[in-house]
Amino acid sequence: MSDKNSAPEILFSRTDPALGEFAVRALDPLKDSELLHSWVTHPKASFWMMQDAKLPDVEREYMGIAAAEHHDAFIGLHNGRPAFLMERYDPAHVELVGLYDPQPGDVGMHFLTAPSDTPVHGFTKAVITTVMAMLFEDPATARVVVEPDVHNKAVHALNEAVGFEIVRQIAKPEKDAYLSTCTREQYLAAIGVTTR
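For clarity, every value in this text was computed on a predicted model and none was experimentally measured. (Residues numbered from 1 in each chain as written. Predicted model: local features only at pLDDT ≥ 70, side-chain atom pairs only at ≥ 80, totals over all residues. Heavy atoms only, no water.)

A.B. asks: Which parts of the structure should I look at to understand the packing of helix 3 (residues 123-137) against helix 4 (residues 153-161)?
C.D. replies: A pair of packed helices is characterised by two quantities: the angle between their axes and the separation of those axes. Orientation of helix 3 relative to helix 4, taken along the N-to-C sense of each, is 55°, at an axis distance of 10 Å. The orientation of helix 3 with respect to helix 4, classified from their angle, is oblique. Helix 3 and helix 4 meet at a crossing whose hand is right-handed. In this structure, helix 3 contributes Thr124, Lys125 and Ile128 to the contact, and helix 4 contributes Leu158, Asn159 and Ala161. For the contact of helix 3 with helix 4, a count of residues per class yields 3 nonpolar, 2 polar and 1 charged. (Axes fitted to C-alpha atoms, helices over the stretch in contact; angles between N-to-C directions. Helix = DSSP H or I, 4+ residues; strand = E, 2+ residues; numbered from the N terminus. Parallel < 35°, antiparallel > 145°, perpendicular 65-115°, else oblique. Left-handed = near helix turned anticlockwise from the far one by under 90°. Contact = heavy atoms within 4.5 Å. Nonpolar A, V, L, I, M, F, W, Y, C, P; charged D, E, K, R; others polar.)

A.B. asks: Would you mind showing me how to read the sheet that holds strand 4 (residues 81-89) here?
C.D. replies: Backbone hydrogen bonds are what pair the strands of a sheet, in a parallel or an antiparallel way. Here 8 strands make up an open sheet; going across it, the order is 1-2-3-4-5-6-8-7 and the pairing mixed. A single partner strand is all that each edge strand has here, and the edge strands are strand 1 (10-16) and strand 7 (165-171). On average, adjacent strands in this sheet sit at an angle of 25° to one another, irrespective of strand direction. Sheet analysis places strand 2 (residues 20-26) next to strand 3 (residues 71-78), joined by 5 bridges and oriented antiparallel. For Ala23, the partnering residue across the bridge sits in strand 3 and is Leu77. (Pairing = 2+ DSSP bridges.)

A.B. asks: Mind showing me how you'd approach the side chain of Asp16 here?
C.D. replies: Here Asp16 shows up in strand 1. Within the structure, Asp16 has its side chain in polar contact with the backbone nitrogen of Leu19 (distance 2.8 Å). (Polar contact = N/O pair within 3.5 Å; in protein donor to acceptor, adjacent residues only side chain to side chain.)

A.B. asks: Can you walk me through the nonpolar core in this structure?
C.D. replies: As a rule of thumb, soluble globular proteins bury nonpolar side chains together. In this structure, Met109, Phe111, Val131, Met132, Val144, Phe164 and Tyr187 are the most contacted members of the largest nonpolar core, which totals 30 residues. Put simply, the parts of the chain that give this core at least two residues each are strand 2, strand 4, strand 5 (106-113), helix 3, strand 6 (143-146), helix 4 and helix 5 (184-190). Considering every element that reaches this core, the biggest residue donor is helix 3, with 10 residues. Grouped together as the second largest cluster of nonpolar side chains are 18 residues, Ala23, Val40, Tyr62 and Ile75 included. (Core = buried A, V, L, I, M, F, W, Y, C linked by side-chain atoms within 4.5 Å. Buried < 20%, exposed > 50% of the residue type's maximum accessible area, 1.4 Å probe, protein only.)

A.B. asks: Before we go on, may I ask you to explain the pairing of strand 4 in this structure?
C.D. replies: In the case of a regular strand, side chains alternate between the two sheet surfaces. Looking at chain direction, strand 3 and strand 4 are connected through 8 bridges and run antiparallel. Bridge pairing links Phe74 to Met86 in strand 4. Connecting the antiparallel pair strand 3 and strand 4 is a turn made up of 2 residues, with Asn79 showing a positive phi of about 50°. Looking at chain direction, strand 4 and strand 5 are connected through 6 bridges and run antiparallel. The partner of Phe84 across the bridge, within strand 5, is Thr113.

And the structure:
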């Protein structure tokens, strides 16, 4: 029997040598909505395209994701404190339908780091590394697919740092994006893990 006040189950964790513990738990659309609202409406989250969202909009968005068959959302923790948002989706059914040819083992993802007045060097790279490590922990994941805005230079650099390659520019209803992919092998090579 579980205690209603117990901490949410940690689904994945890794230790970053420089920055400490990173972990991921399921997102609770009602309990986490105020926190998420403060993140997605922050000026630094402009590429998340929820700048004008009200609290009920955020609740509705993440309740929809929680109910979706091909989309999940998670809260990432840094040393036990909420620090990033992660979404995982099946690009054959969500986001990229008709825009590319899905392959077996493709997984889509989005991530957003919490706004901070005191940025920590290397933090966002540690977050994307955690996200990728969690996705590739599933043996069924062969390739991660992303579609960042063409103008989001910061995320293009981060994506490249963990092994993504831009495939081509695509036109989505809400933005022009760079369809980018990263295989397990590309990710491991980018983070310096040699495989046989």
